[in-house]
Amino acid sequence: MEKNKIFLTLSHNKETPLFSNSTFTRLSLLVGLGLILFVVETFIPRPLPWLKPGLAHVATLVALYGYGSRAALIVVVARIMLGAIVLGTLFNPAFILSFSGGITATLFMAFFKQYFSKVFSIFGISIIGAVIHTLTQLFLVALLIVQKIEIFYLMPVMILSSIFTGFVVAFVSYLIISKIEIISLNS
Amino acid sequence: MRSNQNNFKSVIKLLTTGDKLLVAMLIILGITSIFAINKKRLPGETCSVEVSGEKTHHLKLSENQNLCVEGSMGKTSIQIKDNKVCVTHSDCPEKICVRTGWISNVGQIIVCVPNKVVIKIDGEKQDFFNVITQ
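Residues numbered from 1 in each chain as written. Chains lettered and ligands numbered in written order. Predicted model: local features only at pLDDT ≥ 70, side-chain atom pairs only at ≥ 80, totals over all residues. Heavy atoms only, no water.

## Concerning the overall build of chain B
Okay, step 1: The helix and strand tally for chain B stands at three helices and seven strands.
Okay, step 2: N-terminal to C-terminal, the α/β element order of chain B is α-α-β-β-β-β-β-α-β-β.
Okay, step 3: Relative to its full complement of 134 residues, chain B shows a buried share of 36%.
Okay, step 4: Contacts spanning at least 24 positions in sequence make up 32% of the contacts within chain B whose residues lie at least 6 apart.
Okay, step 5: Carbon and sulfur atoms form 56% of the exposed surface of chain B, whose accessible area is close to 8500 Å². (Helix = DSSP H or I, 4+ residues; strand = E, 2+ residues; numbered from the N terminus. Buried < 20%, exposed > 50% of the residue type's maximum accessible area, 1.4 Å probe, protein only. Contact = heavy atoms within 4.5 Å. Areas by Shrake-Rupley, 256 points an atom, 1.4 Å probe, with all protein chains shown as cover.)

Quick look at the structure:
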């Protein structure tokens, strides 16, 4: 099982690189995984255009739990940039929403994982991320695009659906993380 | 390898107390925001009346008045009072339009299908259905 293990190689020492080569490769694979999920889930029919399962955050969560906050942030930024290029939405309003939502959600997840890891498991962290993601987007839409208070009519739908999607994403990430046995290394 | 990984009950056991409290708080927040939002409906300022698909009247809700339109089955009496609209009488058999009662908020609508009368409260449509977030 030795080769299945992913080791924590994040280094704060400036003389050694931030990530080892093997970690770097695995992070690239995670970006690829997130990119595929990101693109594929745009083809899933949804009841409302802005209700997305957010499955791409599986990659973020795995990176966060396997390699730490910086890795998660790098994975999320790379995934969103590449996803925007693939979908052809680079630098349009949807991209700005996606980018800011993704980064804020990842920062919150990293913060809660760092300081409240005894309070919240991966499920709680993921639900926090999903809720923060949708709320950031909602605030940005209200501020930049629609500029109306009525957009907050969507808030109950957003909160309740992101509890569900956050749970699903956490479940998938949990299955992946427990398969590659990094939970025991990390905690 | 953990056994029973796909079992839902074993997943529930993984949740910490903090997780459960978080989910409970978010559900409460979501449900209370439904009630908070329902109170804040936008009152409309004008209403339009359509008969057989054609717009026949455009009325201000601030002026109290009674109106009678001729639909395909008979007369429909519309009353405007205190910024609200209702159908007081209709010659249609089911009287669903009468039972709809008073409407006053943007987007609300009274429809009389047999008489082909539609009363809408006008106002700016909220176009967030056009906003695609990704």
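## As for the overall build of chain A
Okay, step 1: The secondary structure content of chain A amounts to seven helices and zero strands.
Okay, step 2: Ordered by position from N to C terminus, the α and β elements of chain A give α-α-α-α-α-α-α.
Okay, step 3: Within the span of chain A, comprising 187 residues, buried residues form 50% of the whole.
Okay, step 4: Here the analysis covers contacts within chain A between residues at least 6 apart in sequence; of these, 68% occur between residues at least 24 apart.
Okay, step 5: Taken as a whole, chain A presents about 9000 Å² of accessible surface, with 72% of it coming from carbon and sulfur.

## Digging into the pairing of strand S1 (residues 46-51) of chain B
Each regular strand shows side chains that alternate between the opposite faces of the sheet.
Residues and elements named next belong to chain B.
Okay, step 1: In terms of residue burial, S1 counts as a mostly covered element, since five of its six residues are buried.
Okay, step 2: Summarising the sheet, S1 and strand S2 (residues 54-60) pair through six bridges and their orientation is antiparallel. Residue Glu50 lies in a different strand from S2, and its bridge partner there is Lys55.
Okay, step 3: Connecting the antiparallel pair S1 and S2 is a turn made up of two residues, with Ser52 showing a positive phi of about 50°.
Okay, step 4: Pairing analysis gives five bridges linking S1 to strand S7 (residues 117-121), with the strands arranged antiparallel. Among the inter-strand pairings, Cys47 is bridged to a residue of S7, identified as Ile121. (Pairing = 2+ DSSP bridges.)

## Regarding the pattern of salt bridges
Okay, step 1: By the definition in use, this model includes two salt bridges over all chains.
Okay, step 2: For Glu41(A), the salt bridge is made with Lys52(A), and the minimal N-O distance between the two is 3.6 Å. Highlighted residues: Glu41(A) in the loop between helix H1 (21-40) and helix H2 (57-67) and Lys52(A) in the loop between H1 and H2, separated in sequence by eleven residues. Lys52(A) carries the same exposure label as Glu41(A), and that label is buried.
Okay, step 3: Lys120(B) is the partner of Glu50(B) in a salt bridge, and the nearest nitrogen-oxygen pair spans 3.6 Å. Taken together, the residues Glu50(B) in strand S1 and Lys120(B) in strand S7 connect sequence positions 70 residues apart.
Okay, step 4: Note on Lys120(B): relative accessible area 34%, which makes it partly exposed. (Salt bridge = Lys/Arg side-chain N within 4 Å of Asp/Glu carboxyl O.)

## Side note on the packing of H2(A) against helix H4 (residues 93-115) of chain A
Each pair of packed helices can be summarised by the angle the axes make with each other and by the distance between the axes.
Residue and element names in this part refer to chain A.
Okay, step 1: Interhelical geometry of H2 versus H4 gives an angle of 35° and a closest axis separation of 11 Å. Note on packing geometry: the crossing formed by H2 with H4 is right-handed. In contact with His57, Thr60, Leu61, Leu64 and Tyr65 of H2, H4 contributes Gly102, Thr106, Met109, Ala110 and Lys113.
Okay, step 2: Looking at the contact of H2 with H4 residue by residue, the classes come out as five nonpolar, four polar and one charged. (Axes fitted to C-alpha atoms, helices over the stretch in contact; angles between N-to-C directions. Left-handed = near helix turned anticlockwise from the far one by under 90°. Nonpolar A, V, L, I, M, F, W, Y, C, P; charged D, E, K, R; others polar.)

## Notes on the side chain of Ser48(B)
Okay, step 1: Structurally, the position occupied by Ser48(B) is in strand S1.
Okay, step 2: Among residues more than four places away in sequence, those in contact with Ser48(B) are Lys55(B), His57(B), His58(B), Val118(B), Ile119(B), Lys120(B) and Asp122(B).

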